[in-house]
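Here are the chains, one letter per residue:
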Number of protein chains: 2
Amino acid sequence: MLCDDALHPLLEEIMKRTDRIGAMIKILSDTPGKMFPLSYFCDLFHAAKSSISEDIAIAARMISEQELGRITTTPGTGGGVKYVPFPSDRQCLEIQQELCDRLSDPSRILGGGFLYTSDIMFDPHFVPKMASVFARNFAQSEAHCVTTVETKGIPLAMAVAGFLDIPVVIVRRESKISEGPTLSINYFSGSTGKMQKMSMAKKAVAGCKQGSKAIVIDDFMRAGGSLKGIAELLEEFHIRVCNIGVAISYAEPEIKKVSDYISLVQLVSVDETERKISVEPSLHLRPCSKQIL
Amino acid sequence: MLCDDALHPLLEEIMKRTDRIGAMIKILSDTPGKMFPLSYFCDLFHAAKSSISEDIAIAARMISEQELGRITTTPGTGGGVKYVPFPSDRQCLEIQQELCDRLSDPSRILGGGFLYTSDIMFDPHFVPKMASVFARNFAQSEAHCVTTVETKGIPLAMAVAGFLDIPVVIVRRESKISEGPTLSINYFSGSTGKMQKMSMAKKAVAGCKQGSKAIVIDDFMRAGGSLKGIAELLEEFHIRVCNIGVAISYAEPEIKKVSDYISLVQLVSVDETERKISVEPSLHLRPCSKQIL
């Protein structure tokens with residue numbers, strides 16, 4: 001097909017470009033949020049900076065056109081190129097809708113208004129989708145870490161942190177010997193109706209300076225007691241909560257113990273008698289996400 | 001540069017190919033282990049099956065040449081194309097060495113032979129690297145799920161499961177109301193020197209048939225009490241452990257309660273007086289991985 005000898009050098013150049021762009025997309029999206037200097041790719045592909053810049057422009061256009069995220073470049077020293085997931089409004093709504101559909105299955109009903117959700121919160125391919133919505137909304141937060149309290153919020157927190165290239169700080173229910181010195185608080189949990197304890201290892205926040213900011217992620221929120229507990233615990237280390245993201249928020253109680261949270265879906269009601277679950281995409285996601293661009 | 005009009009249609013075709021290959025690599029590597037029928041990409045790119053097949057061949061060659069994993073195709077009905085991470089022997093050793101280097105920091109010493117490792121086990125970009133070594137070794141296991149006991153093994157288990165496209169089943173320390181009916185066992189933990197409890201939700205394994213197989217992943221193993229406990233708990237549900245992978249295994253005690261495990265690194269000794277940690281890459285990783293090709 002490609003038989004004309006005169007074409008050969010040009011075609012070879014283009015083939016090399018295809019290889020470089022494919023590899024570049026793979027490397028960038030394997031470590032989202034991480035800034036790679038252009039020289040990294042120049043060295044890797046033995047290519048000139050001008051070629052790499054053109055490659056990046058092509059990759060960025062394609063990734064954006066296909067709604068697969070964003071490749072952005074920052075000029076100057078300390079600059080470079082990075083990939084961030086950036087679900088479109090339509091994709092966010094699809095993810096929210098998928099979560100609603102999965103949650104609506106009446107076999108999830110456990111009693112006491114609880115739903116079985118572990119299969120969703122530990123679904124290795126769906127968790128990054130949910131996380132991408134938070135990563136889009138919190139991309140400008142300049143947070144230093146993502147915090148969650150064990151256990152079911154851990155995968156979501158890991159995925160959000162991975163997309164933003166920041167560490168995860170886990171709050172434990174009990175202080176463990178393997179955590180070293182910890183700071184603990186007691187708080188009232190509305191879900192269980194009793195006092196609970198949570199603790200954070202001093203070593204976990206050793207890298208955070210005073211005035212650092214944290215994104216708090218959890219799988220669900222009823223009244224927000226746990227989230228408020230996490231915020232208080234972080235305050236003890238002089239870390240401020242800048243964003244809160246939960247997968248599922250309960251409609252009741254209407255007044256929460258924390259404000260300015262984002263949830264993917266709102267659980268309106270669980271009717272144990274009729275075996276009916278009412279859950280809908282949270283509406284405040286979209287107006288909020290508009291400010292981010 | 002590309003000024004000759006006669007070249008235009010051919011070049012345009014090649015440019016489209018670059019776009020398709022870039023997008024294909026992104027989509028495949030976003031959901032590793034998941035088989036995509038060729039028709040998925042034909043529809044997405046409005047391209048003929050022959051073009052898509054050529055694209056896949058180019059992408060597969062490039063990904064393999066750059067040591068970025070593997071793109072494999074399965075012919076026939078139910079077949080398709082999928083991406084799996086496949087670190088080379090050299091890359092595996094680099095990951096093991098990086099883990100050794102990070103673990104060797106004397107500020108990790110907590111007393112009682114314990115090391116602080118939460119920053120490593122919750123590092124969102126390093127965890128997938130460690131997981132890729134297990135995914136390579138366990139790719140042929142045909143396991144139905146990955147199991148771990150909360151808390152520090154969860155990110156690693158999630159990443160392994162993501163690479164193999166199978167669900168994660170979490171063993172809890174305490175049975176929670178949000179888990180529904182659970183089955184619990186007591187076991188002796190060598191690390192804490194006391195009896196501990198672990199429980200598994202019946203719903204978590206509802207999708208597993210009798211005779212299903214599980215990969216067990218954990219952050220560390222001393223004598224293997226927890227891992228043996230997990231195996232016993234799975235047995236209650238007629239699920240058999242086919243592989244065990246731990247990030248860090250302690251050299252002592254030499255006799256473990258489980259056999260046929262793979263560890264990334266071996267912790268030889270922690271000298272609290274001299275503040276010296278001795279840790280080395282586990283040697284049995286390499287001969288074992290040789291069998292996998």
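Residues numbered from 1 in each chain as written. Chains lettered and ligands numbered in written order. Predicted model: local features only at pLDDT ≥ 70, side-chain atom pairs only at ≥ 80, totals over all residues. Heavy atoms only, no water.

Colleague: Lay out the relation of the copies chain B and chain A with the relevant residues and their values.
Modeller: Between chain B and chain A, the superposition needs a rotation of 180° and an axial shift of 0.0 Å, giving an RMSD of 0.0 Å. In short, the pair behaves as if placed about a two-fold rotation axis. A shared interface surface links the copies, since 100% of the contact residues of chain B are contact residues in chain A too. (Least-squares fit on C-alpha atoms with pLDDT ≥ 70 in both. Contact = heavy atoms within 4.5 Å.)

Colleague: I'd like a rundown of the sheet that holds strand β5 (residues 145-149) of chain B, residues and numbers included.
Modeller: Residues and elements named next belong to chain B. Ordered in space as β6-β5-β9-β10-β11-β12, the 6 strands form an open sheet in which the pairing is mixed. With partners counted over all chains shown, the strands left at the sheet margins are β6 (168-171) and β12 (276-281), one partner each. Pairwise comparison of adjacent strand axes, ignoring direction, gives a mean angle of 25° for this sheet. With 6 bridges joining them, strand β11 (residues 261-271) and β12 adopt antiparallel strand pairing. Among the inter-strand pairings, Asp-271 is bridged to a residue of β12, identified as Lys-276. Docked against the sheet, helix α6 (residues 126-138) engages β9 (213-221), β10 (240-250) and β11, running at close to 145° with respect to β10. (Pairing = 2+ DSSP bridges. Helix = DSSP H or I, 4+ residues; strand = E, 2+ residues; numbered from the N terminus. Axes fitted to C-alpha atoms, helices over the stretch in contact; angles between N-to-C directions.)

Colleague: Any details on the confidence of the model for chain A? Residues and values, ideally.
Modeller: All names here are of chain A. Summarising the model, chain A shows a mean pLDDT of 90, and 94% of its residues fall at 70 or more. Here residues 286-293 is a poorly scored stretch, pLDDT under 50, and it has 12 contacts once near neighbours within four places are set aside; other chains count. Here the predicted complex scores 0.93 on pTM and 0.92 on ipTM. (pLDDT = per-residue confidence, 0-100.)

Colleague: Which residues make up helix α8 (residues 225-236) of chain B, and what values go with them?
Modeller: In an α-helix, one turn spans 3.6 residues, which is why side chains three or four residues apart end up on the same side. All names here are of chain B. Between its first and last C-alpha atoms α8 spans 17 Å; for 12 residues at 1.5 Å apiece the expected length is 16 Å, and the two agree. Those residues of α8 that fall on the buried side of the exposure criterion are Gly-225, Ser-226, Leu-227, Gly-229, Ile-230, Ala-231, Leu-233 and Leu-234. In this fold, the buried residues of α8 make contact with β5, β6, β7 (182-189), β8 (194-201), β9 and β10. After α8 finishes, the residue His-238 shows a positive phi value of roughly 60°. (Expected span 1.5 Å × (residues − 1). Buried < 20%, exposed > 50% of the residue type's maximum accessible area, 1.4 Å probe, protein only.)

Colleague: Residue-level account of the pattern of salt bridges, with values.
Modeller: For the structure on display, the rule yields 32 salt bridges over all chains. For the salt bridge of Arg-90 of chain B with Glu-67 of chain B, the shortest nitrogen-to-oxygen distance reads 2.4 Å. Placement of the pair is Arg-90 of chain B in helix α4 (residues 89-103) and Glu-67 of chain B in the loop between α3 (49-65) and β1 (70-74), with a sequence separation of 23 residues. Of the charged contacts, one joins Arg-172 of chain B and Glu-179 of chain B as a salt bridge, the two residues approaching to 3.2 Å between their closest N and O atoms. With respect to burial, Arg-172 of chain B and Glu-179 of chain B carry one shared label: buried. Members of the salt-bridge network, linked through shared partners, are Arg-17, Arg-20, Glu-54 and Asp-55 of chain A. (Salt bridge = Lys/Arg side-chain N within 4 Å of Asp/Glu carboxyl O.)

Colleague: With reference to specific residues and values, describe the environment of Leu-234 of chain A.
Modeller: Residues and elements named next belong to chain A. In this fold, Leu-234 is placed in helix α8 (residues 225-236). Residues Leu-234 and Glu-67, 167 residues apart in the sequence, show an inter-C-alpha distance of 36 Å. Ignoring anything within four residues of it in the chain, the contact list for Leu-234 reads Thr-147, Met-200, Ala-214, Val-216, Ile-239 and Val-241.

Colleague: Kindly report on the pairing of strand β11 (residues 261-271) of chain A, identifying the contributing residues and their values.
Modeller: All names here are of chain A. Sheet topology places strand β10 (residues 240-250) next to β11; 6 bridges connect them, and they run parallel. Looking at β11, one finds that Ile-248 is bridged to Val-265. In this antiparallel pair of consecutive strands, β11 and strand β12 (residues 276-281), the connection spans 4 residues, and Arg-275 shows a positive phi of 55°.

Colleague: Provide a residue-level description of empty space enclosed by the protein, including the pertinent values.
Modeller: If you roll a probe as big as a water molecule over the atoms, it shows you where there is empty space left. For the structure on display, the rule yields 2 cavities of 30 Å³ or more. Empty space within the largest cavity amounts to approximately 100 Å³. As for the largest cavity, its lining consists of Ser-178 of chain A together with Phe-114, Leu-115, Thr-117, Lys-152, Asp-219, Phe-220, Ile-248, Tyr-250 and Leu-267 of chain B. Every element with two or more residues in the lining of the largest cavity is listed here: β4 (114-115), β9 and β10 of chain B. Of the residues in the lining of the largest cavity, the class split is 6 nonpolar, 2 polar and 2 charged. Of the voids in this model, the second largest cavity is the one considered here, and its volume is about 80 Å³. Around the second largest cavity sit Phe-114, Leu-115, Thr-117, Lys-152, Asp-219, Phe-220, Ile-248, Tyr-250 and Leu-267 of chain A together with Ser-178 of chain B, which together line it. (1 Å grid on protein atoms, 1.4 Å probe; cavity = no way out; pocket = protein on both sides within 12 Å on 5 of 7 lines; lining within 4 Å. Points joined across faces, edges and corners; volume = space filled by probe spheres on them. Nonpolar A, V, L, I, M, F, W, Y, C, P; charged D, E, K, R; others polar.)

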